[in-house]
Amino acid sequence: MRRARAFAVMCATIVLAAAAADAVPGPAEDYLLHCSGCHQQNGAGVTDLVPPLSGLAPFLATPEGRAYLVRVPGVAQAALDDERLATLLNWVLSEMSGKTPDPAYDAREVNALRADPLRDALAARKAALAH
Amino acid sequence: MNDFDARIERAVRALARRTGRRTFLARIGTLLVGAAALPLLPVARGAAESARVPAPDENIPGAQGDPTSCEYWRHCAIDGFACACCGGSPSACPPGAEKSPVGWIGTCRNPADGKDYIISYNDCCGKNWCGRCGCNRNEGERPDYHWVRNNDINWCVSAKSLVYHCSVAILVGQATEPQPER
């Protein structure tokens, strides 16, 4: 009887853990909530106002560009933890710009880059693309 | 060619002998009425009902289910005139007004199912102030410096005209969790 009870408790724990794991939104949902207000649901942006996300691939060509994609205020200040932000960035790049970062962004890199905010985002953007 | 015409004529005459116009009309009529009546059968109705998922706007009594009320569930963070009172709907601008492409996005909890939904607040622009159903609810709203969650901004800055008319609260989809600021 005791064994059966322990087994039941174990099963319940597994089910609850699985339910908790399911409760974390994926990057597509995080994109809708944190990015699509400006960049639009399809990433197309708004002419002369919000850049399209299809054009991000050139940023990955240099370390400065790669860092810029995390340090730009809209990304760095998003209300997401480092892990989810890294996942979201990797997703946006592969889904919308057709370029999967190599290596992929991870929580550690995102954490370090967020701690170093951009003073002049436009100048940093220009410099990142000039190389 | 004459041979071809003759064969076709024979075939058509034979068909005409076998089927009268009235018979043809009667059969077509039976088919049409039968097709229309098929969904009325209990089996067909049952299948349609089991496949249908209630829309999140349904089954909400009172003001929380009324798009012309500030208490409407999707209006949980609206600051402006509700477009449903201005000739539009919670999802569409009134005729003659242009939806701002940029807006802000948050979540509202649906009282009917207790789930959170992603809502996009956009302004409708290019017509004078609507002036009806002025609402100011701020659940999950943040100050100007946190502008991606701010409802004081005139989002018509992203439209062709800066003139504000009213605001829509578009249902984007279901959320796994409420927005982090709530």
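Residues numbered from 1 in each chain as written. Chains lettered and ligands numbered in written order. Predicted model: local features only at pLDDT ≥ 70, side-chain atom pairs only at ≥ 80, totals over all residues.

## Some points on the overall build of chain B
Defined as follows: Secondary structure elements are defined from DSSP: runs of H or I of at least 4 residues count as helices, runs of E of at least 2 residues count as strands, and each element is numbered from the N terminus. Partly exposed residues are those whose C-beta has more than 12 but fewer than 20 other C-beta atoms within 10 Å; with 20 or more the residue is buried, with 12 or fewer it is exposed, and the C-beta atoms are placed from the backbone. In this description, a residue-residue contact is defined by the distance between C-beta atoms placed from the backbone, which must lie within 7 Å.
Summing up its helical and strand segments, chain B has three helices and six strands in all. Counted from the first residue to the last, chain B has its helices and strands arranged as α-α-α-β-β-β-β-β-β. Here chain B, with 182 residues, has 30% of them falling under the buried criterion. When contacts within chain B are restricted to residue pairs at least 6 apart in sequence, those whose partners lie at least 24 apart make up 73%.

## What to know about unusual backbone geometry
For the bond from aspartate 102 of chain A to proline 103 of chain A, the omega torsion is 0°, close enough to zero to count as cis. Following the sequence through the fold, proline 103 of chain A ends up in the loop between helix 6 (82–96) and helix 7 (107–114). The phi dihedral of glutamine 40 of chain A is positive, around 75°, even though this residue is not glycine. Position of glutamine 40 of chain A relative to the elements: it lies in the loop between helix 3 (36–39) and helix 4 (63–71). Despite not being glycine, asparagine 59 of chain B shows a phi value in the positive range, around 60°. Looking at where asparagine 59 of chain B falls in the secondary structure, it is placed in the loop between helix 3 (42–51) and strand 1 (79–81). Residue class for asparagine 59 of chain B comes out exposed when judged on the 12 C-beta atoms lying within 10 Å of it.

## Regarding the confidence of the model for chain B
Residues and elements named next belong to chain B. Defined as follows: Each residue carries a pLDDT value, the predictor's own confidence for that position, ranging from 0 to 100.
Averaged over every residue, the pLDDT of chain B is 85; residues scoring 70 or more account for 77%. Per-element confidence in chain B ranges from a low mean pLDDT of 49 for helix 3 to a high of 98 for strand 2 (residues 98–99). Counted against residues more than four places away or in other chains, residues 44–49, with its pLDDT under 50, gives three contacts. Overall fold confidence for the complex sits at a pTM of 0.76, while the interface term, ipTM, reaches 0.80.

## Notes on the interface of chain A and chain B
A common way to express how large an interface is: the accessible area buried when the components associate. Selection rule: Charged means Asp, Glu, Lys or Arg here, nonpolar means Ala, Val, Leu, Ile, Met, Phe, Trp, Tyr, Cys or Pro, and polar covers whatever is left, Gly included.
Across the boundary between the two partners, chain A contributes 14 residues, which contact 17 residues of chain B. Those elements that provide at least two residues to the side of chain A that touches chain B are helix 2 (27–34) and helix 3 of chain A. When grouped by side-chain class, the residues that make up the side of chain A that touches chain B number 10 nonpolar, three polar and one charged.

## Thoughts on the packing of helix 4 of chain A against helix 7 of chain A
Residues and elements named next belong to chain A. For the record, the criterion: For helices, the fitted axis covers only the stretch in contact; all axes are lines through C-alpha atoms, and the angles between them, taken along N-to-C directions, range from 0 to 180 degrees. Here roughly perpendicular refers to angles of 65 to 115 degrees, roughly parallel to angles under 35, roughly antiparallel to angles over 145, and oblique to all remaining angles.
At a minimum axis distance of 9 Å, the contact between helix 4 and helix 7 shows a crossing angle of 80°. It follows that helix 4 is roughly perpendicular to helix 7 by the angle criterion. Residue-level contacts link Ala67, Val70 and Arg71 of helix 4 to Val110, Leu113 and Arg114 of helix 7. Along the lines of polarity and charge, the residues of the contact of helix 4 with helix 7 split into four nonpolar, no polar and two charged.

## Here we look at the pairing of strand 3 (residues 104–109) of chain B
Residues and elements named next belong to chain B. Spelled out, the test is: Here, any two strands with at least 2 DSSP bridges between them count as paired.
Counting buried positions along strand 3 gives five out of six residues, so the element sits mostly inside the fold. Where strand 3 and strand 4 (residues 116–125) come together, six bridges link them in antiparallel fashion. Across the sheet, arginine 109 pairs through a bridge with aspartate 116, a residue of strand 4. The antiparallel pairing of strand 3 with strand 4 creates a hairpin that spans six residues between the two strands, and glycine 114 there sits at a positive phi of about 70°.

## With respect to the packing of helix 2 of chain A against helix 6 of chain A
Residue and element names in this part refer to chain A. As a packed pair, helix 2 and helix 6 sit with axes 9 Å apart at the nearest point and diverge in direction by 95°. Classified by the angle between their axes, helix 2 and helix 6 sit roughly perpendicular to one another. Contact with helix 2, carried on its side by Pro27, Asp30 and Tyr31, involves Arg84, Thr87, Leu88, Trp91 and Val92 of helix 6 and no other residues of that element. Residue classes in the contact of helix 2 with helix 6 are distributed as five nonpolar, one polar and two charged.

## Re the nonpolar core
Put simply, the test is: Nonpolar cores are built from buried Ala, Val, Leu, Ile, Met, Phe, Trp, Tyr and Cys residues. These are joined into a set through C-beta atoms within 7 Å.
Of all hydrophobic cores here, the largest spans 35 residues; its most connected members are Ala82, Cys83, Ile119, Cys124 and Cys166 of chain B. Put simply, the parts of the chain that give this core at least two residues each are strand 3, strand 4 and strand 6 (164–174) of chain B. Take this core: its biggest share by element is six residues, from strand 4 of chain B. Contact partners of alanine 82 of chain B, with chain neighbours within four places excluded, come to Pro67, Thr68, Cys70, His75, Cys133, Cys135, Cys166 and Ser167 of chain B. Tyr68, Leu69, Val70 and Ala86 of chain A belong to the second largest nonpolar core, which has 20 residues in total.

## Observations concerning the environment of alanine 82 of chain B
With respect to the element layout, alanine 82 of chain B can be found in the loop between strand 1 and strand 2. With 27 C-beta atoms packed within 10 Å, alanine 82 of chain B lands in the buried category.

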